[in-house]
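A structural walkthrough
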Amino acid sequence: MRKKILLRGAIGFPIGIAIGYGITILLSLIFADGYYSPCVPELVTAIGSEINAVIVQALLCGLLGVGFGASSVIWELEHWSLVKQSGIYFLLAAVFMMPVAWLNYWMEHSIAGFLSYFGIFTFIFIVIWITEFFIGKHNVRKMNEKLQNTNN
């Protein structure tokens, strides 16, 4: 299990950077009037230069990928209930996401900003969870149908 956690964490680092980079492209398309905005201006101001802010953001996105990747082994713990898996995974994801979002200035640095970002994070988590649940339920139903057809 420890080996699997380390491997998934290592794979998660470049995936986290790639997803972070993809999000900056998407947000630039939506909000930057034809320009590329690699990070929020508040991060540039806090760090002192755009290149250093981009480096910090990339490293933090990589660490976020490590956290999500390493935590994904929770879904393979078959002796845990789905509720326990979901709750522990959510808590771990939040423990990784919230500090990274704070440090990257993805949220307003206030209690209201933190709570708002946490609410959005929770909403997205729930939407993804429900989607995955129904996909899994559909796949189980198809497997059961195949088993019934082979038994008849």
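Notes on the structure follow. The shown structure was predicted, so the numbers you read here are calculated from the model rather than taken from an experiment.

Now for the nonpolar core. Among the nonpolar cores identified, the biggest contains 15 residues, and Tyr89, Met97, Met98, Met107, Tyr117 and Phe121 are the most heavily contacted of them. Here this core gets eight residues from one element, more than from any other, and that element is helix H4 (residues 82-103). The contact partners of Phe121, leaving out residues within four places of it in the chain, are Phe68, Phe90, Ala93, Ala94 and Met97.

With respect to the secondary-structure elements, Glu108 resides in the loop between H4 and helix H5 (111-151). Here the alpha-carbon distance between Glu108 and Glu42, two residues 66 residues apart in the chain, equals 9.6 Å. When near neighbours in sequence (up to four residues on either side) are disregarded, Glu108 contacts Trp102, Gly113 and Phe114. A polar contact of 2.8 Å, which involves the side chain of Glu108, links it to the side chain of Ser110.

What follows concerns the pattern of salt bridges. Pairs may arise between side chains of opposite charge once their charged atoms sit close together. Following the criterion strictly, the structure yields two salt bridges and no others. A salt bridge links Glu76 to Lys4, with the nearest nitrogen and oxygen atoms 2.7 Å apart. With a gap of 72 residues between them, Glu76 in the loop between helix H3 (50-71) and H4 and Lys4 in helix H1 (residues 2-31) connect regions that are remote in the sequence. For Glu76, a relative accessible area of 33% gives the class partly exposed.

The contact between H4 and H5 brings their axes to 11 Å, and the two run at 140 degrees. As judged from the angle between their axes, H4 and H5 are oblique. The interaxial crossing formed by H4 with H5 has right-handed handedness. For the pair formed by H4 and H5, the contact residues are Leu82, Ser86, Tyr89, Phe90, Ala93, Ala94, Met97, Met98, Ala101 and Trp102 on the first element and Phe114, Tyr117, Phe118, Phe121, Thr122, Phe125, Trp129 and Phe133 on the second. Of the residues belonging to the contact of H4 with H5, the class tally is 16 nonpolar, two polar and no charged.

Moving on, we get to the packing of H3 against H4. How two helices sit against one another is set out by the angle between their axes and by the gap between those axes. One can describe the packing of H3 onto H4 by two numbers: an axis separation of 10 Å at closest approach and a directional angle of 180 degrees. Between H3 and H4, the crossing angle belongs to the class labelled roughly antiparallel. Contact with H3, carried on its side by Leu60, Leu63, Leu64, Gly67, Phe68 and Ser71, involves Tyr89, Leu92, Ala93, Phe96, Met97, Val100 and Leu103 of H4 and no other residues of that element. Along the lines of polarity and charge, the residues of the contact of H3 with H4 split into 11 nonpolar, two polar and no charged.

Conventions used here
Residues numbered from 1 in each chain as written. Predicted model: local features only at pLDDT ≥ 70, side-chain atom pairs only at ≥ 80, totals over all residues. Heavy atoms only, no water. Core = buried A, V, L, I, M, F, W, Y, C linked by side-chain atoms within 4.5 Å. Buried < 20%, exposed > 50% of the residue type's maximum accessible area, 1.4 Å probe, protein only. Helix = DSSP H or I, 4+ residues; strand = E, 2+ residues; numbered from the N terminus. Contact = heavy atoms within 4.5 Å. Polar contact = N/O pair within 3.5 Å; in protein donor to acceptor, adjacent residues only side chain to side chain. Salt bridge = Lys/Arg side-chain N within 4 Å of Asp/Glu carboxyl O. Axes fitted to C-alpha atoms, helices over the stretch in contact; angles between N-to-C directions. Parallel < 35°, antiparallel > 145°, perpendicular 65-115°, else oblique. Left-handed = near helix turned anticlockwise from the far one by under 90°. Nonpolar A, V, L, I, M, F, W, Y, C, P; charged D, E, K, R; others polar.

None of this, on its own, says anything about what the molecule does.
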